[in-house]
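Residues per chain, in single letters:
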Amino acid sequence: MEKGSIWVWVEKADGKVKQTSQEVLSQGRSMADELGGSLLAIMAGPVSEVNLEDLCGLPDQVIALEGDGEGGPSLIVETLEELIRKDPPWALLAPGTPSTMDWMPRLSVRLGVEMVSDVVGMELLEGGRLRVKRPVHGGRFLVEMESQEGGPRLLALRPRAFARKTGSRSPRVECFPMKARGPTEVQVLEKAQREKGFVDLSEARIVVSGGRGMGGPEAFFLLEELAAILGGAVGASRSVVDSGWRPASEQVGKSGRSVSPDLYMAFGISGAIHHIMGMDSSKVVVAVNKDPNALIFQHADLGIVDDVNHVLPALIEELKRRS
Ligand SMILES: Cc1cc2nc3c(=O)[nH]c(=O)nc-3n(C[C@H](O)[C@H](O)[C@H](O)COP(=O)(O)OP(=O)(O)OC[C@H]3O[C@@H](n4cnc5c(N)ncnc54)[C@H](O)[C@@H]3O)c2cc1C
């Protein structure tokens with residue numbers, strides 16, 4: 001193991017490195033510098049698709065995993081296991097996204113090493129130990145966990161919990177084959193293009209979420225309109241997703257996505273702990289609910305006790321008037 005080498009799993013969307021991955025690269029760079037080691041970025045896809053500018057001058061080296069990149073989580077696990085067993089890093093960091101949450105726990109079991117998800121803070125301690133922080137109980141508490149000396153450690157970082165920075169390194173780029181040793185359980189049949197102007201929920205600076213209080217799937221066009229005006233993303237409660245009103249990819253909460261936007265707006269959401277767990281690190285929370293005793297108000301910086309059917313159209317009209 002090279003002294004203090006840090007690996008970062010990098011994700012792309014529409015050919016560009018995602019902001020959440022740039023945050024992880026930034027944190028990885030700081031750790032590698034503190035440990036006196038190097039930073040390696042690993043990404044799926046051919047070398048020709050590696051855009052060094054997107055890596056912000058942070059890594060020392062890039063490995064492009066070329067091959068059956070669409071073989072699903074098992075293929076990623078197999079490939080990373082092979083790489084890690086050959087030359088274990090001090091830690092492997094990844095953004096906490098639905099995709100990494102699919103393969104990282106499997107990799108941790110395969111390697112028999114610890115994994116921590118939803119990391120919001122990291123600190124290197126004496127003797128090569130690492131202290132990480134993660135929120136629990138809907139963000140009411142932060143737990144601190146310490147790992148013992150020796151790695152590798154697998155850490156999934158909460159999106160938007162770490163600042164992005166830039167460096168001036170020109171990494172060398174190498175490729176490594178990503179090939180299934182046996183049949184994989186996933187076959188990609190079709191790829192759908194994202195709509196123009198699509199904002200990823202995990203990366204959004206503004207999230208406008210709707211709950212059952214929206215009344216039905218039709219009412220969500222108001223949230224789509226509001227999101228478009230604000231340049232934000234639409235989120236939803238689990239009740240809404242379970243009712244088939246919105247896709248599962250929009251679910252915020254314990255069994256959905258974790259978001260940390262600058263502004264989180266909750267319309268007709270009761271504020272059950274399972275929902276709060278996914279948005280408690282938002283900087284400013286605005287809640288609209290017709291029940292003055294709704295739990296969501298306990299987590300809101302600004303609360304409006306009213307019907308969403310009054311507030312939403314008025315808000316949209318006012319924003320349009322001002323723009
Ligand atoms: C293991 C587990 C995991 C879970 N994971 C998640 C998760 O990831 N995400 C999640 O969201 N939930 C999750 N849940 C479900 C969670 O406990 C709640 O049931 C769910 O969040 C409630 O959704 P809601 O607030 O939309 O609906 P409700 O609880 O039905 O609340 C609707 C709210 O809308 C208000 N309202 C109604 N009409 C109007 C109106 N016209 N104008 C304004 N306000 C109105 C009501 O006063 C009420 O407060 C999970 C539950 C379990 C057990």
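Everything that follows concerns the structure shown earlier in this document.
Quick summary incoming for the structure in this document. (Residues numbered from 1 in each chain as written. Predicted model: local features only at pLDDT ≥ 70, side-chain atom pairs only at ≥ 80, totals over all residues. Heavy atoms only, no water.)

1. Focus on the side chain of Ser21
Thinking step 1. Here Ser21 lies in helix H1 (residues 19-35).
Thinking step 2. On the basis of relative accessibility, which here comes to 0%, the residue Ser21 falls in the buried class.
Thinking step 3. The contact partners of Ser21, leaving out residues within four places of it in the chain, are Trp9, Val10, Glu11 and Pro95. (Helix = DSSP H or I, 4+ residues; strand = E, 2+ residues; numbered from the N terminus. Buried < 20%, exposed > 50% of the residue type's maximum accessible area, 1.4 Å probe, protein only. Contact = heavy atoms within 4.5 Å.)

2. Looking at the site of the ligand
Thinking step 1. Neighbouring the ligand are 25 residues; Arg212, Ser237, Ser255, Ser270 and Asn289 lie closest to it.
Thinking step 2. Between the ligand and Ser270 there is a distance of 2.8 Å, counted from an oxygen atom to a backbone nitrogen or oxygen.
Thinking step 3. In the environment of the ligand, an oxygen atom lies 2.8 Å from a nitrogen or oxygen atom belonging to the side chain of Asn289.
Thinking step 4. Within the complex, 75% of the 990 Å² of free accessible area of the ligand lies under protein.
Thinking step 5. Broken down by secondary-structure element, the contributors of at least two residues to the shell around the ligand are helix H5 (238-242), helix H6 (273-276) and helix H7 (308-322).
Thinking step 6. Of the residues in the shell around the ligand, the class split is four nonpolar, 14 polar and seven charged. (Near = heavy atom within 4 Å. Polar contact = N/O pair within 3.5 Å; in protein donor to acceptor, adjacent residues only side chain to side chain. Areas by Shrake-Rupley, 256 points an atom, 1.4 Å probe, with all protein chains shown as cover. Nonpolar A, V, L, I, M, F, W, Y, C, P; charged D, E, K, R; others polar.)

3. Description of the pattern of salt bridges
Thinking step 1. For the coordinates displayed, the defined rule picks out 27 salt bridges.
Thinking step 2. Between Asp200 and Lys18 there is a salt bridge, with the nearest N and O atoms lying 3.7 Å from each other. Of this pair, Asp200 sits in the loop between strand E12 (172-178) and strand E13 (206-210) while Lys18 sits in the loop between strand E3 (16-17) and H1, placing them 182 residues apart in sequence.
Thinking step 3. For Asp200, a relative accessible area of 12% gives the class buried.
Thinking step 4. Note that Arg169 and Asp60 form a salt bridge whose closest N and O atoms lie 2.9 Å from each other. Note that Arg169 is positioned in the loop between strand E11 (153-157) and E12 and Asp60 in the loop between strand E4 (39-44) and strand E5 (61-67), a separation of 109 residues in sequence.
Thinking step 5. Under the relative-accessibility criterion, Arg169 is labelled partly exposed at 35%.
Thinking step 6. Through salt bridges with shared partners, one network takes in Glu123, Arg129, Arg131, Lys133, Glu144 and Glu146. (Salt bridge = Lys/Arg side-chain N within 4 Å of Asp/Glu carboxyl O.)

It is worth stressing that arrangement in space is one thing and function is another; only the former is reported here.
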